[in-house]
Amino acid sequence: MTIRTDDSRLTISHAKHPIERPLDQGMHMASLAPSPSTQGPFDIRPLTPAIGAELSAINLAENLTDDEISAIRQALLDHKVIFFRDQHLDRSQLLNFAQRFGPLEIHPATPKDQPHPEILRIAHGPQSKGQENMWHSDVTWRPEPSLGSVLSAVEIPPVGGDTLFANMNLAYERLPAALQDIVNGLTAVHDIARVFARRLNKRPEELHDQYPPQEHPVVRTHPETGLRSLYVNSAFTSHIVGMAEAESKALLKKLYATASNPEIQCRFRWTVGAIAFWDNRASQHFAASDYFPERRIMERATIAGDRPYFSPDA
């Protein structure tokens, strides 16, 4: 199989019969986010038609009811990422909120002697420039990557340091139908060492002993909504299984680029005490590192997920 693209056309060559069609044929749109509404105990204000919403009139430090948690979970499924202002949660409160959605993970970058090991502290300043400025979904190198991440703003720079989010369900649905047919059912390898060998100062083999590379579907079926999303990312995906290296690189480059379309994104400007909660199964994010050498300190709790799968019947 050979894949070639130019500015307006897609060509996919199989053994004998190449398929060529305009890039805008076969494209269809997923249902966009609902309009502003009051849902249960809080108000919902979408950030863009494609992804993201702010939830207000709720205090995450309180002992939320099961109905409130259910309504928050539905907002997450509807909008892929949800935001809360003026929460100012301490670590215990952050963990109490996050674990209402499932068991929490411990990240290998967390110091072993740290209280509350489920909290990943992401701190950058004059001696540490931000390194999360690439489109990715968290911990896709795990056999069961995370359901979602809850990020709290502890300290923010005077300007900059926004986080961008992309709707990877729309990224998939905007692919030409011929390319959808190609990627459906493909498998890709995700490798922790691509990012964390250098950050943790370890050899890839050391990391692979504990976190061996994992194979996940290129297109993932969401276990709650049934929607399909692209599930490869430039941070952790190394190659597509069973494909020649050059073709794998060319296809992954094209799939990575889908997250960069502003029409499927939102951008969140942080304030101290703000919380972002995103669905790693259906979105990617990019932490802008434009604030160096100012300080930016965030704390994250990550909710364990399940094994990704592709359903041809979804």
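Scroll up a little and you will see the structure.
Residues numbered from 1 in each chain as written. Predicted model: local features only at pLDDT ≥ 70, side-chain atom pairs only at ≥ 80, totals over all residues. Heavy atoms only, no water.

(A) The overall build of the chain, seen in detail. Helix and strand counts for the chain come out as seven helices and 19 strands. Going through the 314 residues of the chain one by one, you find that 51% of them count as buried. Carbon and sulfur atoms make up 49% of the accessible area of the chain, which totals about 14400 Å². (Helix = DSSP H or I, 4+ residues; strand = E, 2+ residues; numbered from the N terminus. Buried < 20%, exposed > 50% of the residue type's maximum accessible area, 1.4 Å probe, protein only. Areas by Shrake-Rupley, 256 points an atom, 1.4 Å probe, with all protein chains shown as cover.)

(B) View of the packing of aromatic side chains. For the structure shown, the criterion picks out twelve aromatic pairs. Ring centres of Phe83 and Phe268 lie 4.0 Å apart, and the angle between their planes is 10°; this geometry places the pair in the stacked category. Of this pair, Phe83 sits in strand β7 (residues 81-84) while Phe268 is found in strand β16 (residues 265-268), placing the two residues 185 residues apart along the sequence. The class for Phe83 is buried, based on a relative accessible area of 0%. (Phe/Tyr/Trp six-rings, centres within 6.5 Å; stacked < 30°, edge-to-face > 60°.)

(C) Structural view of helix α2 (residues 91-98). For α2, the full list of buried residues reads Leu94, Leu95, Phe97 and Ala98. For α2, the angular spread of the buried residues around the axis is 160°, confining them to a single face. Those residues of α2 hidden inside the fold are in contact with α1 (66-79), β7, β8 (119-124), β9 (148-155), β17 (275-279) and β19 (296-303). For α2, the N-terminal capping position is held by Asp90, with its side-chain oxygen 3.2 Å away from the main-chain nitrogen of Ser92. (Arc of directions from axis to C-beta. Contact = heavy atoms within 4.5 Å. Polar contact = N/O pair within 3.5 Å; in protein donor to acceptor, adjacent residues only side chain to side chain.)

(D) Molecular detail of the pattern of salt bridges. Counted according to the given criterion, the structure contains 19 salt bridges. Arg45 is the salt-bridge partner of Glu54, the closest N and O atoms lying 3.3 Å from each other. In this structure Glu54 comes out as buried when scored by relative accessible area, which is 15%. Among the residues examined, Arg45 registers a relative accessible area of 47% and is labelled partly exposed. The salt bridge involving Arg100 is made with Asp66; its shortest N-O contact spans 3.1 Å. (Salt bridge = Lys/Arg side-chain N within 4 Å of Asp/Glu carboxyl O.)

(E) Looking closely at the sheet that holds strand β10 (residues 163-167). As summarised here, the arrangement of the three strands in space is β16-β10-β18, forming an open sheet in which the pairing is antiparallel. The open sheet has two edge strands, β16 and β18 (283-287), and neither has a second partner. Recorded for the sheet is a direction-independent mean angle of 20° between the axes of neighbouring strands. Note that β10 and β18 share five bridges and pair antiparallel. In the sheet register, Thr163 faces β18, and the bridge partner there is Ala287. (Pairing = 2+ DSSP bridges. Axes fitted to C-alpha atoms, helices over the stretch in contact; angles between N-to-C directions.)

(F) How the structure looks around the sheet that holds strand β15 (residues 237-240). Taking strand neighbours across the sheet as the criterion, the three strands line up as β12-β11-β15 in an open arrangement whose pairing is antiparallel. Lying at the two open borders of the sheet, with one neighbouring strand each, are β12 (214-217) and β15. On average, each strand axis in the sheet is inclined to that of its neighbour by 35°, with strand direction left out of account. Taken together, the three bridges between strand β11 (residues 187-190) and β15 define a ladder with antiparallel strand orientation. Within the sheet, the bridge partner assigned to Val189 lies in β15 and is His239.

(G) View of the side chain of Asp191. Topologically, Asp191 is positioned in the loop between β11 and α5 (193-199). No salt bridge is formed by the buried Asp191; the nearest opposite charge belongs to Arg194, separated by 6.5 Å. Among the polar contacts made by the side chain of Asp191, one reaches the main-chain amide nitrogen of Ala193 at a distance of 2.9 Å. Side chain to side chain, Asp191 and His208 meet in a polar contact 2.7 Å long. Not counting residues within four places of it along the chain, the set of residues in contact with Asp191 comprises Trp141, His208, Pro213 and Phe236. (Lys, Arg positive; Asp, Glu negative; His and termini not counted.)

(H) Just the nonpolar core, in detail. Of all hydrophobic cores here, the largest spans 42 residues; its most connected members are Phe165, Val183 and Val218. When residues no more than four places from it in sequence are discounted, the contact partners of Phe165 are Ile51, Val81, Phe83, Trp135, Ile264, Gln265, Cys266, Phe268, Ala276, Trp278, Gln284 and His285. Core analysis: the second largest hydrophobic core is formed by 27 residues, Ile44, Ala53, Ala75 and Phe101 among them. (Core = buried A, V, L, I, M, F, W, Y, C linked by side-chain atoms within 4.5 Å.)

By themselves, these are just geometric observations and shouldn't be taken as functional.
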